[in-house]
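Analysis of the macromolecular model
So you can see what is in the structure, the chains are spelled out below.
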Amino acid sequence: MQDDQLSGKKIILGVTGGIAAYKACWLTRELIKRGAEVKVVMTPSALQFVQPLTFSSLTKNDVIVNIFPDSQENGSSMKTWHIDLALWADLMIIAPCTVNTIAKIAVGFLDNALLTVVSSLRCPLLISPAADMDIYDNKITQRNFQTLEEMGYLFVKAEKGELASGLEGEGRLADINKIADAAELILTGYKRDLLNKKILVSAGPTYEDIDPVRFIGNRSSGKMGYNIAKAAFLRGAEVTLITGPVHESIYPEIKVIKVRSTAEMKKAIHKEIINSDILIMAAAVADYKPAEVSIRKMKKEDKLNQIKLYPTEDILSSLKTSGKKIIGFALETDNEKENALKKLKSKNLDMIVLNSLNDEQSGFEYNTNKITVIHKNGEQIDFPLESKFQAANKIISEILKSNG
Ligand code: CTP
């Protein structure tokens, strides 16, 4: 269920001639895995790095390289292929996009098949550039990025890291999952509506140590909070993620603060909320902690079954903020809506997101969730079972709605 978000969507993937072209094969797989139909157009230089056969095998579609493909004898069956292809698509992605192709798009060159398609598009174009760091950082390159952004083209910018040259810097093709997430966001109708917003998200469990070996924790995987952080970033927000111990990955542009205990999470939230507009408290915070933490491993005969527990502090209730949106979560098994409403009021929240553990494929560890959003004014909206990324986007849209 979580993989079919792009079902029925038609994507043209443009591949240009950079070493990251090999990653376009994985991107093709990912888009198809999410349900999209993909057709690939390559520049002649891209052939130096990957063969069309790879893409035609993956997509089950013909791959276009030349404006006048050899296979179409004297153009007898070509028709206006570039227009037909451009009109077929719901989205075109160019990944990797060399700075040469970016420059050509910026000035309107149409001297290869990929560029003729770009110029004929009626759907959005998502550009994911890649280059070595000095080429990427070059003033002319940066000016061309800016020109295209101002014209409304969408970007998933390159990331920092080790480059093919061995240098370390900005220019690596963005992670293919991030490119696919950005494509999904566009194709499911979301816009960059969080520009200039600072969003603080908490995710995962907190652990309360008993001794160096044991702790009190819970089964939270962090997936919901991590997906909220990703969706908020892709919608243009500056995002800080405060996370308990989990095994999820996050985009490098998101500031991550790792914590373990409830006290550490509380301290981080109190510090970071000062500079945030919205707090989304998706963490599953431990409710109790041992009265004391043993510095040595406790033995069975140390009366492990009689550990004295104290309640942890309630982080949301401890906040004394004004002018900020505060969103809580509630995970319930009984009297779900009634309990969620109680939490909304007692913790003075603007909105609460209810997950029910009674729904199949919903809650801890799943990639899907079925949520109900309850606003402060009592409005309740039930959403269907969907991927946590889609649920995250619904939550964000509801927060914006409550903004007025
Ligand atoms: N929460 C918090 N501090 C705590 C416990 C929970 O800030 N010590 C937050 C959670 O992050 C969540 C909301 O409060 O956004 C509700 O958490 P939940 O665990 O469902 O509720 P509790 O208040 O802990 O109540 P209970 O466990 O009894 O249902």
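What comes next is a walk through the structure.

What counts and what doesn't
Residues numbered from 1 in each chain as written. Predicted model: local features only at pLDDT ≥ 70, side-chain atom pairs only at ≥ 80, totals over all residues. Heavy atoms only, no water. Buried < 20%, exposed > 50% of the residue type's maximum accessible area, 1.4 Å probe, protein only. Helix = DSSP H or I, 4+ residues; strand = E, 2+ residues; numbered from the N terminus. Contact = heavy atoms within 4.5 Å. Polar contact = N/O pair within 3.5 Å; in protein donor to acceptor, adjacent residues only side chain to side chain. Axes fitted to C-alpha atoms, helices over the stretch in contact; angles between N-to-C directions. Parallel < 35°, antiparallel > 145°, perpendicular 65-115°, else oblique. Left-handed = near helix turned anticlockwise from the far one by under 90°.

**With respect to helix 5 (residues 113–120)**
Extensive coverage of helix 5 is indicated by the burial of seven of its eight residues. Among all positions in helix 5, only Ala113, Leu114, Leu115, Thr116, Val117, Val118 and Ser120 are buried. Of the surrounding elements, those touching the buried residues of helix 5 are strand 1 (10–15), strand 2 (37–42), helix 3 (81–88), strand 3 (91–97), helix 4 (99–107) and strand 4 (125–129). A distance of 3.1 Å separates the backbone nitrogen of leucine 114 from a side-chain oxygen at the start of helix 5, and that oxygen is part of asparagine 112.

**Things to note about the packing of helix 4 against helix 5**
Relative orientation of the contacting elements helix 4 and helix 5 amounts to 45 degrees, with a least axis distance of 11 Å. Classified by the angle their axes make, helix 4 and helix 5 are oblique. Regarding helix 4 and helix 5, the two cross each other, and that crossing is right-handed. Contact residues: Thr101, Lys104 and Ile105 in helix 4; Leu114, Leu115 and Val118 in helix 5.

**Details of the environment of valine 256**
Looking at the element boundaries, valine 256 is found in strand 12 (residues 255–258). By relative accessible area, which is 32% here, valine 256 ends up partly exposed. Residues valine 256 and glutamate 208, 48 residues apart in the sequence, show an inter-C-alpha distance of 20 Å. With near-sequence residues (within four places) excluded, valine 256 lies in contact with Leu241, Thr243 and Ile250.

Everything listed here is a matter of geometry and, on its own, says nothing about what the molecule does.
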